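Descriptive analysis of the structure
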Amino acid sequence: MASAPGEVPSHFLCPISLQLMREPVTLPTGISYDRAAITRWLAAPAPVGGRTCPVTRVPLPPQPQLTPNHTLRRLIHAWLASLSPEAEVDDDVAALRGPVPGSEVAALLSDAAAAQVEALKRLRELVAECEDNRAVLESQDRVFDALSRVVSSADASSTAREEAVGVLASLRIPEPELAGVVARHSNLGEALTAVLRSSNLKSRANAALLVRSLSEAAWPTWVIGLSQELLAEVVRVVRDRVSTQATKAALHALAALCPYGRTRVKIVGAGAVPAIVDLLLDDPERRVNEIALVALDRLCTCAEGRAELVAHAAGLAVVGKKVLRVSEAASERAVRVLRSVARHAATPAVLQEMAQSGVVAKLCAALRSEQCGVSSKERAHEVLKLHSRTWRNSPCLSPKILELYPS
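All of these numbers come straight from a predicted model, not from anything done at the bench.

Considering the overall build of the protein chain
- Across its full length, the protein chain holds 25 helices and three strands.
- In terms of its C-alpha atoms, the protein chain occupies a principal-axis envelope of roughly 85 × 55 × 30 Å.
- In the protein chain, of all internal contacts separated by at least 6 residues, the share reaching a separation of at least 24 is 65%.
- As presented, the protein chain carries roughly 19500 Å² of accessible surface, and 52% of it is formed by carbon and sulfur atoms.

Section: helix H21 (residues 348-356)
- Within the span of H21, buried status applies to Val350, Leu351, Met354 and Ala355. Along the long axis of H21, the arc covered by the buried residues comes to 140 degrees, so they all point the same way. With respect to the buried face of H21, the exposed residues turned more than 90 degrees away are Pro348, Ala349 and Gln356.
- Where H21 is buried, its residues touch helix H18 (303-311), helix H19 (315-322), helix H20 (328-344), helix H22 (359-368) and helix H24 (388-392).
- In the segment just after H21, glycine 358 is the residue with positive phi, at about 90 degrees.

Focus on the packing of helix H7 (residues 143-152) against helix H10 (residues 188-196)
- Close contact between H7 and H10 brings their axes to 8 Å; oriented N to C, the two are set at 65 degrees. One finds that H7 runs roughly perpendicular with respect to H10. The element H7 and its partner H10 pack so that their crossing is left-handed. For the pair formed by H7 and H10, the contact residues are Ser148, Val151 and Ser152 on the first element and Leu188, Ala191 and Leu192 on the second.
- Its residues assigned to classes, the contact of H7 with H10 comprises four nonpolar, two polar and no charged.

Side note on the nonpolar core
- Leu192, Trp222, Leu309 and Trp391 are the most contacted members of the largest nonpolar core, which totals 113 residues.
- When residues no more than four places from it in sequence are discounted, the contact partners of leucine 192 are Val151, Val165, Ala207, Leu210, Val211, Leu214, Trp222 and Leu230.
- Within the second largest apolar cluster, 20 residues are counted, among which are Leu66, Leu72, Trp79 and Leu80.

Quick notes on the packing of aromatic side chains
- Scanning the entire structure with this criterion turns up one aromatic pair.
- Residues phenylalanine 12 and tryptophan 79 carry aromatic rings whose centres are separated by 6.0 Å and whose planes lie at 65 degrees to one another, so their mutual orientation is edge-to-face. In this pair, phenylalanine 12 sits in the segment before strand S1 (24-26) while tryptophan 79 sits in helix H2 (residues 70-82), placing the two residues 67 residues apart along the sequence.
- You can call phenylalanine 12 buried: its relative accessible area is 5%.
- For tryptophan 79, a relative accessible area of 13% gives the class buried.

Re the sheet that holds S1
- The sheet built from three strands is open, its strands ordered S2-S1-S3 with antiparallel pairing. At either end of the open sheet lies a strand with only one pairing partner, and these are strand S2 (32-34) and strand S3 (67-68).
- In this structure, S1 lies alongside S3, joined through two bridges in antiparallel fashion. What sits directly across from threonine 26, in S3, is threonine 67.
- Along the sheet, helix H1 (residues 35-43) makes contact with S1, S2 and S3, crossing S2 at roughly 95 degrees.

Some thoughts on empty space enclosed by the protein
- Evaluation of the coordinates by the stated rule reveals two cavities of 30 Å³ or more.
- Roughly 40 Å³ of volume is contained in the second largest cavity.
- Together, Ser148, Leu168, Ile173, Leu178, Val181, Leu188, Leu210 and Leu214 line the second largest cavity.
- Contributions of two or more residues to the lining of the second largest cavity are made by helix H9 (175-184) and helix H11 (201-217).
- Classifying every residue of the lining of the second largest cavity by side-chain character gives seven nonpolar, one polar and no charged.

Cut-offs and rules
- Residues numbered from 1 in each chain as written.
- Predicted model: local features only at pLDDT ≥ 70, side-chain atom pairs only at ≥ 80, totals over all residues.
- Heavy atoms only, no water.
- Helix = DSSP H or I, 4+ residues; strand = E, 2+ residues; numbered from the N terminus.
- Contact = heavy atoms within 4.5 Å.
- Areas by Shrake-Rupley, 256 points an atom, 1.4 Å probe, with all protein chains shown as cover.
- Buried < 20%, exposed > 50% of the residue type's maximum accessible area, 1.4 Å probe, protein only.
- Arc of directions from axis to C-beta.
- Axes fitted to C-alpha atoms, helices over the stretch in contact; angles between N-to-C directions.
- Parallel < 35°, antiparallel > 145°, perpendicular 65-115°, else oblique.
- Left-handed = near helix turned anticlockwise from the far one by under 90°.
- Nonpolar A, V, L, I, M, F, W, Y, C, P; charged D, E, K, R; others polar.
- Core = buried A, V, L, I, M, F, W, Y, C linked by side-chain atoms within 4.5 Å.
- Phe/Tyr/Trp six-rings, centres within 6.5 Å; stacked < 30°, edge-to-face > 60°.
- Pairing = 2+ DSSP bridges.
- 1 Å grid on protein atoms, 1.4 Å probe; cavity = no way out; pocket = protein on both sides within 12 Å on 5 of 7 lines; lining within 4 Å.
- Points joined across faces, edges and corners; volume = space filled by probe spheres on them.

Following this line, the structure appears as structure tokens:
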């Protein structure tokens, strides 16, 4: 049955939001949803969301493919074009349009390269609207270099720099381009430090995302030039809980930079270990727990990192608490951290704290649990055997725990 003028056809509506789909994508189950709605659904914990198709309830893989439904998108555009100028439609419907022509994007980019704030804002809005607009912008010649020049320009206003960072953070920048940007803009780190100090939380989040991309791809050039100030601001993003997305980006950046010895010591000096411990104490979502423990594991490969962990009143306790509580990946990293401490920082006081805080009990439980992998069990066994003389005679361990202790 034909829809009344201004009435949205039912098959154009997202099954989750019941709004007109701006960017329809299809799950492996064959059901189409608006990208924003299904992304939120997949990220939400059960029973609100989870790894199932909202309509069919069929289980989905950990990272289900979201295939753009170009046919449905074209049909929606054609329907919009058929509406008479007098037709009254929802604001969301009226706002939906096709991808912006490349010529318009090129003109905006030219103005944006001159640090014009309105042009930068418009580019950011276009990229946020749909994947097609983002692809059009990414295809422009030297787009990444032009935006990076605004970020690192001393003549650009702080607002222009923050907007340029926002656009860059939303683009998929190839690794060779990232390396080239760092090579051509030597003060990019200093400029990002300033944005990370902004009072605008969204700008800080965008800067954290860009730092992550550079940390994971633009090495060794990017790593060599890192300043203590930039690392301190990345750590502050973790400490301030700017947003879940920003926290993840900052943790990813720290973890990516940790393998470099001097940089690892700088990160510890910037206060990363207590910031991560405090974050773990707040019991964040699973993925944040896992990334935080990856970063902490790498930081504890140096003496400075281990010293910071054992100096924190809740450091050993919170790491032990994550064993068998979050996920197998988190348990593996937590056991690795505990092994680093037990092997290289095992003072009598530390060993006593590990017994009193329940760490030894968790390691014993890990040996019998199916939630721990083989490698984690081997590391837990190594730690328990290493200090068995101390812990077997500890009054802090109950007979029930001692029964689990390996012979």
